[in-house]
Amino acid sequence: MRFALRVARFLAPLALVFAASQLALWKAGEGRGLASVRTTERRALAEGEDTLFARALVAEQMRRYKALELRARRPRIAVLGSSTSMQLRDFHFGLGGDRAHGFADGGFYNAGGLVQHTGDFEPVAALLDEIGSVRVVVLALDPWWFNDGWAPSRSIEPLARTLATSDFDADWDARIRAYPALVEALARRGGAAKLRALVAADDRVEVASGRAVRAIGLAARGGVGFRGSDGSRRNASFLARRAAGAPYADDEETLERIARRERRFETGALSARRVARLDAWLAWAHARDVVLAGFAVPLAGPVRDAIAASPPHAAYFAAWRAAMRDAFARAGQPFVDAVEAFGDEGHDDGWMINGFHGSERTMAHVVGALLRDERFARAVPEASAAQVACLVAQARERGLAEGPGACAGP
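Note that the structure is predicted; figures quoted are calculated from it, not measured. (Residues numbered from 1 in each chain as written. Predicted model: local features only at pLDDT ≥ 70, side-chain atom pairs only at ≥ 80, totals over all residues. Heavy atoms only, no water.)

Participant: Would you explain the pairing of strand β9 (residues 291–296) in this entry?
Facilitator: Successive side chains on a regular strand alternate, one facing one side of the sheet and the next facing the other. The buried fraction of β9 is high, at six of six residues. By the alternation rule, side chains of β9 split into V291, A293 and F295 and L292, G294 and A296, which are all buried. In the sheet, β9 pairs with strand β10 (residues 335–337) via three bridges, with the strands oriented parallel. For G294, the partnering residue across the bridge sits in β10 and is F335. (Buried < 20%, exposed > 50% of the residue type's maximum accessible area, 1.4 Å probe, protein only. Helix = DSSP H or I, 4+ residues; strand = E, 2+ residues; numbered from the N terminus. Pairing = 2+ DSSP bridges.)

In structure tokens, the structure reads:
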């Protein structure tokens, strides 16, 4: 009995710290489970308010979040890919924007982040079969996916296991994993003050003059996160850079990655096995009369130059671009090679978030190019080349970097 009391006294302060930290994380939206996050999004959207969801300490559970939302929203148009697809917006397709939220009209959802490598193609196709509503898929094709010199991170949990995990287990694991991040944040100079400021900050974030959204999670209070309206991701640092008129900057150190042949820019050969997985997904789409439109992701000018100057990279990228073009041509599906980033149409590197992530203005060019394909244009009748041209011109002439603005339509 005495031993038990001693253990209890020893653990009491730790339990108190644990409980207090959990309460603080929950109040800030950081420690809420995904079910609570998604319920908050629904309520905000029903009241005409958008949201941003992003965590700073607790694991964001991105793939689980996107899969659950895709299943719940049952959209007609779905965007798939890694982070390179996250800037595609509902208004690019004539949906949502200032008129209605993508969830409200059920037309569009950006599930970017759900697909991290070609091994995800088959389980995501099975998820789309389960949903049954998706008629158009826009797929961002990353070059490293098909490179046999690159391997997906072992930390990426198989999608089937992610969806089979209970809410309780997934949320508990995410919270437990927050503590190393919390200790690291507190160890940094000024870290404690920064965390206190985030926790104390208002959960309404101004995203445009006179327009605010509700922030869910500590990172969201800094203006970053997934929009509840359409699933796209807001990049606060890029938007601030554009607002300030600052030039292109690459915070991903892409040129260094290429020079060192690392972190998605390893050298290798085109993997026939991985291309075959794409062929299988294209065959799946054909059998279900689904339009599967792909685009080779845009790259900034300095990145293209660095690749061209490195013979192993240049050889691989040429093979990858040709393989993507040929795969979609064989399947009779729309495809756009956006690697050149449409430099002849008024797009410049200032509209690239970094070396290999295009902004929503870049994505307007991608959608505009896809609309030249008759099958794609028929599948998304709400989208119009005129609206896309308006978005592009608005960006070029007025320097706007977020939202459809005057191009939202009636």
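Participant: Is there a simple way to think about the state of the cysteines in this case?
Facilitator: Note on terminology: a disulfide is the covalent bond linking the sulfur atoms of two cysteines. Evaluation of the coordinates by the stated rule reveals one disulfide. Note on cysteine connectivity: C390 is disulfide-linked to C407, with sulfurs 2.0 Å apart. The sign of the S-S torsion, about -80 degrees, decides the handedness of the disulfide formed by C390 and C407: left-handed. Pair noted here: C390 is in helix α17 (residues 385–398) and C407 is in the segment after α17, with a separation of 17 residues, a long-range link. On the accessibility criterion, C407 (4% relative accessible area) is buried. (Disulfide = S-S within 2.5 Å.)

Participant: What's the story with the packing of helix α5 (residues 121–131) against helix α12 (residues 272–287) in this structure? I'm lost.
Facilitator: Taken N-terminus to C-terminus, the directions of α5 and α12 make an angle of 15 degrees; their axes are 10 Å apart at the nearest point. One element, α5, and the other, α12, form an angle in the roughly parallel class. Judged by the twist between their axes, the crossing of α5 over α12 is right-handed. Facing F121, V124, A125, L128 and D129 of α5, the residues of α12 in contact are R277, L278, W281 and W284. Taken together, the residues of the contact of α5 with α12 sort by class into seven nonpolar, no polar and two charged. (Axes fitted to C-alpha atoms, helices over the stretch in contact; angles between N-to-C directions. Parallel < 35°, antiparallel > 145°, perpendicular 65-115°, else oblique. Left-handed = near helix turned anticlockwise from the far one by under 90°. Contact = heavy atoms within 4.5 Å. Nonpolar A, V, L, I, M, F, W, Y, C, P; charged D, E, K, R; others polar.)

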